[in-house]
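Per-entry structural report
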Amino acid sequence: FTAPGFVCFHLSCPHETLPEALERFSRLFTLDEIENTVCKPGVINREIGRVSSEIDRVGDQSRAFYFLKSQVDGDHPFSRLFAGSRSTLQTTPTENGLDVATHLTCFFRDHYLASRATLVVVSNEGLGALDRWISPYSNIMSQRERIGPPSISSFPPKVFKDRTDLTQSIILRSREDGQFDENHQTLSLEWPLSLVYERNPTENVVSASAVGFILTQILSRRGPGSLRQMLEKLGWAPKGNRGVPRFSFPIDQSGFQILRMEIGLSLDGFANRSAVIAAVFESIRTVLSRPLPTALIEQYLCAALLHGYLLAPRPPDCITLAVDSIRYGLSSKYGVGGTSGVGLQSNQQSITNWYLMPSPDDKVGVENMKRIVTETLTIMADERGPLVSIRASAKAIFGYSKGLVDKAVLTGPLLPPWTREAVTGARVYTEKRAAAAGGLFRSLAFVTAKVDGEAALTPPYLNPLLPTSLRPPRPVVERSRGWAGESVLYLDSALAGEDDASLKLVDSYAGSNWREMSRALAPVDGSGWKLLQVPPSKTGTLGIALPVRPPEPGVEGAVVLQLLSSLPSTFTSRQLTLANLWLLSYDDAIVDIAESGALAGCAYEWSFNRAGLRLCFRGLSQSLPSYVRRLCRRLVAQHANLLSGKAEVAESAYQRAMNEVTRSPKIGPLQKKQMVDVLTRGVSNEDVADQALTFLKATNGAYVISQGDLTPSESLQLSSDLRQVFRGYGDAKGFECEPALRDILYRPFWKPIVGSRRRACSRACRSSRTLAVGCRGRLGRREVDGRCMLFFAPCLSNLHRLHT
């Protein structure tokens, strides 16, 4: 793949063909091979055609990108066409008497230098054999050294073309776009930034992608006082993920970045587009109305570390090692394989180094991040600064363009004042922003706040479920007692280390840090509640299934609460429908907790089974007990809220219930018809609440199953707390049930889905925890299964730091 700062070549092959594959692969990077290839008749013209055909002329994002470039001042290098075309690669060079083949050869000779390249081989073979097999790479490319240290590129201060008025451009979307939806439009605001990435391995660099992550947490949050909630209340943004403000960087390199903010709009939102833009600026000014709390920045940095590294899927080791070695160096103190380099733990009580974001424990880094985010928000608050555009369908433009203050678009796209963007051919209509838009939004926001009894827009607030500092994984040590095979001894102290004297087992361990736990379900407080602490050695075969995580000990824990009752096994179709509606209304009632917990890596799931109701929870072990208690308290109170009118079964809950019934392969045709009839006719909130109360009163005890980074004392305390939460229930006679563990540890379907949050941090930028073994060919060895991977990355940029 090709990135702005480097190009990467990746080869995978079976073990037995690795020596020949390495030798053949090395030939691709010899100067003779390049010269012979580019000089063949028809090769250059064929590749020019391929490059030109790769330009996307109908995609929404492509049209937005090339419209952005068309609005950049002609003296700025970003205004040039990045992707090649027949015009730039064939027509113009021919007119100027330039030979493309000669220029390609010179480019290879100047930039593909051995001093700029990293070779990584991952294989099961010994290092001696690998060292022999990579010998051909010592004779490829130029051996001359890089001339001088890289310098930071400077960019002209003027970015966009001159504009006399506040304007916004409407870009007509193409129906050929695969994601075309005529009822949803996209508002885009783009600000130029000038962050310089100084190369200093002793401190963290605050990059544009890091700033973008923090801005996402501040301006894309959900809940009272957020821009997202206000736009949804006014009907200007669609509900769900389409209306979430999103941040990205079309260009990001040291000295010059473009920050893009996108918001999905409904048809009514497009009609009031100027007011929506005013709402965006008002929300930014609200954030700046008071200084950002340092603890808030620390929480966001914890979330970045959690989702971008500790819980994130990793790219292959060979890719990670090669990219990190280019960015941070190899074998230097702070580089890959260095004494304090990426992927290492400086001591037992610290989280692994990850230089894409400052550590929440780095006070200087936190203050730098706070300062740069504040400066960026100040830039964003200036209404004259951004380039504003709306990508809209023909239905929206010609049917819904007239709003309370915005004027209708009356001319067709082929007539002036419509213009044509040169690369994609998109039609563009530029209009003045309505002067009364700010007053309209403030008036509507005031009325909405009075009706709802809460502030329209507020600054961000601390998340009670997200810590300001992440503790490292605890040493959960498990040992069996030889004289009692049914028991397991756990190291119960979170601070005890391998050198701690308490690790030494003696016949009498009273008063030590060891706690004895039964391998079977053990009673809690002498009640019908039982606890099972899953031993670390059994998490692969016993316990709830968790998403794929890195192999090293982690900071994640999981809890399963099975409320025991035989009642669900006798449910009629109507009773099952009412019980599902109770829990679906519960989903709606806990959206605030679910979204706050998602930032801390927390998720939940509920499901009825023949043994009662199963509730599953997972997340950061620091936050998980509080998360579980909060959700269980809400569950116990949900039926009362339905009766009092504080909660209701929304129409969306009926729709979700209908979808689950019609799509479920486990429900028979007759029962499916009966459940659909109940949902079609509708039920009252009182009926749903009565069914919920009936179930809770019919429970008899519970199983609590704990696993992951939770100590036995924490599990016992949580079990006791949950017993108190459900203290009014759980003693019903005649509903006893004792299911086997395999019947309640089936795979959960976690809510909410948080994949998009993790994608905020680029997968290609994540640091590896595997160290490269220093030798002439930059070798690394790791046990892999049946595959050998080679990664070759010549660095092609003089910029200090780039993020793809």
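Residues numbered from 1 in each chain as written. Predicted model: local features only at pLDDT ≥ 70, side-chain atom pairs only at ≥ 80, totals over all residues. Heavy atoms only, no water.

**A closer look at the overall build of the chain**
Helices and strands together make up the secondary structure of the chain, namely 25 helices and 19 strands. Looking at the chain as a whole, 51% of its 804 residues qualify as buried. A separation of at least 24 residues holds for 80% of the contacts in the chain among residues at least 6 apart in sequence. Carbon and sulfur atoms make up 53% of the accessible area of the chain, which totals about 36,300 Å². (Helix = DSSP H or I, 4+ residues; strand = E, 2+ residues; numbered from the N terminus. Buried < 20%, exposed > 50% of the residue type's maximum accessible area, 1.4 Å probe, protein only. Contact = heavy atoms within 4.5 Å. Areas by Shrake-Rupley, 256 points an atom, 1.4 Å probe, with all protein chains shown as cover.)

**Section: the confidence of the model for the chain**
Per-residue confidence for the chain averages 83 on the pLDDT scale, and 81% of its residues sit at or above 70. Mean pLDDT across the secondary structure elements of the chain bottoms out at helix 25 (residues 755-758), with 44, and peaks at strand 7 (residues 387-392), with 97. Considering only residues more than four positions removed or in separate chains, one finds that residues 795-804, a stretch of pLDDT under 50, has 54 contacts. (pLDDT = per-residue confidence, 0-100.)

**Describing the packing of aromatic side chains**
Under the criterion given, the structure shown has 14 aromatic pairs. Where Phe 608 meets Phe 695, the ring centres are 5.4 Å apart and the plane angle is 90°; that geometry is what we call edge-to-face. Placement of Phe 608 in strand 16 (residues 603-609) and of Phe 695 in helix 22 (residues 685-697) is noted, with a sequence separation of 87 residues between them. Taken as a pair, Phe 608 and Phe 695 share a single burial class, namely buried. One aromatic cluster is present, built from ring pairs that chain together Phe 65, Tyr 66, Phe 78, Phe 155 and Phe 256. Above the plane of the ring of Phe 78 lies Lys 69, whose end atom (NZ or CZ) is 4.1 Å from the centre. (Phe/Tyr/Trp six-rings, centres within 6.5 Å; stacked < 30°, edge-to-face > 60°. Lys NZ or Arg CZ within 6 Å of the ring centre and 35° of its normal.)

**Structural notes on a nonpolar patch on the surface**
Judged by side-chain polarity, Phe 446, Val 447 and Val 451 come together as a nonpolar surface patch covering roughly 330 Å² of accessible area. As for its position among the elements, Phe 446 is in helix 16 (residues 437-452). By relative accessible area, which is 53% here, Phe 446 ends up exposed. (Patch = residues over 30% accessible without salt bridge, like charges linked within 9 Å, V, L, I, M, F, W, Y side chains within 5 Å. Salt bridge = Lys/Arg side-chain N within 4 Å of Asp/Glu carboxyl O.)

**Notes on the pairing of strand 3 (residues 167-172)**
Where burial is concerned, most of strand 3 is hidden: five out of the six residues are buried. For strand 3 and strand 7, the ladder comprises four bridges, and the chain directions are parallel. By the bridge assignment for strand 7, Ser 169 is matched with Ser 389. (Pairing = 2+ DSSP bridges.)

**Here's the deal with the packing of helix 8 (residues 208-219) against helix 12 (residues 294-310)**
Viewed as axis vectors pointing N to C, helix 8 and helix 12 meet at an angle of 115°, and their least axial separation amounts to 10 Å. One element, helix 8, and the other, helix 12, form an angle in the roughly perpendicular class. When you trace helix 8 past helix 12, the crossing you get is right-handed. Packed against helix 8, whose contacting residues are Phe 213, Ile 214, Gln 217 and Ile 218, the element helix 12 presents Ile 297, Tyr 300, Leu 301, Ala 303 and Ala 304 at the interface. (Axes fitted to C-alpha atoms, helices over the stretch in contact; angles between N-to-C directions. Parallel < 35°, antiparallel > 145°, perpendicular 65-115°, else oblique. Left-handed = near helix turned anticlockwise from the far one by under 90°.)

**Points about the sheet that holds strand 16**
Read across the open sheet, the six strands follow the order 13-14-18-15-17-16; overall the sheet is mixed. Edge positions in the open sheet fall to strand 13 (522-523) and strand 16, since each of these has one partner strand only.

**Considering the packing of helix 20 (residues 651-663) against helix 21 (residues 669-681)**
Viewed as axis vectors pointing N to C, helix 20 and helix 21 meet at an angle of 170°, and their least axial separation amounts to 10 Å. Relative to helix 21, helix 20 is oriented roughly antiparallel. Facing Tyr 654, Ala 657, Met 658, Val 661 and Thr 662 of helix 20, the residues of helix 21 in contact are Lys 672, Met 675, Val 676, Leu 679 and Thr 680. Looking at the contact of helix 20 with helix 21 residue by residue, the class counts come to seven nonpolar, two polar and one charged. (Nonpolar A, V, L, I, M, F, W, Y, C, P; charged D, E, K, R; others polar.)

**Overview of the nonpolar core**
By size, the foremost hydrophobic cluster in this structure holds 130 residues, and its most contacted members are Ile 214, Leu 561, Trp 582, Leu 613 and Phe 617. Beyond its immediate stretch of four places on either side in the chain, Trp 582 contacts Phe 608, Leu 613, Leu 635, Gln 638, His 639, Leu 642, Val 688, Ala 692, Phe 695 and Leu 696. In terms of nonpolar packing, the next biggest core, distinct from the first, is built from 22 residues, Ala 101, Leu 119, Val 121 and Tyr 137 among them. (Core = buried A, V, L, I, M, F, W, Y, C linked by side-chain atoms within 4.5 Å.)

**Quick look at helix 1 (residues 18-27)**
Buried residues of helix 1: Leu 18, Ala 21, Leu 22, Phe 25 and Ser 26, and no others. Here the buried residues of helix 1 occupy an arc of 130° about the axis, which is enough to place them on one side. (Arc of directions from axis to C-beta.)

**So, the sheet that holds strand 3**
The sheet built from seven strands is open, its strands ordered 5-6-4-7-3-9-8 with mixed pairing. Across the chains shown, the open sheet's two edge strands, defined by having one partner strand only, are strand 5 (246-253) and strand 8 (419-420). Contacts from helix 8 reach strand 5 and strand 6 (256-265) within the one sheet, and its direction differs from that of strand 5 by about 165°. Packing of helix 11 (residues 273-287) onto the sheet brings it into contact with strand 3, strand 4 (185-193), strand 6, strand 7 and strand 9 (427-432), and relative to strand 4 it is tilted by some 45°.

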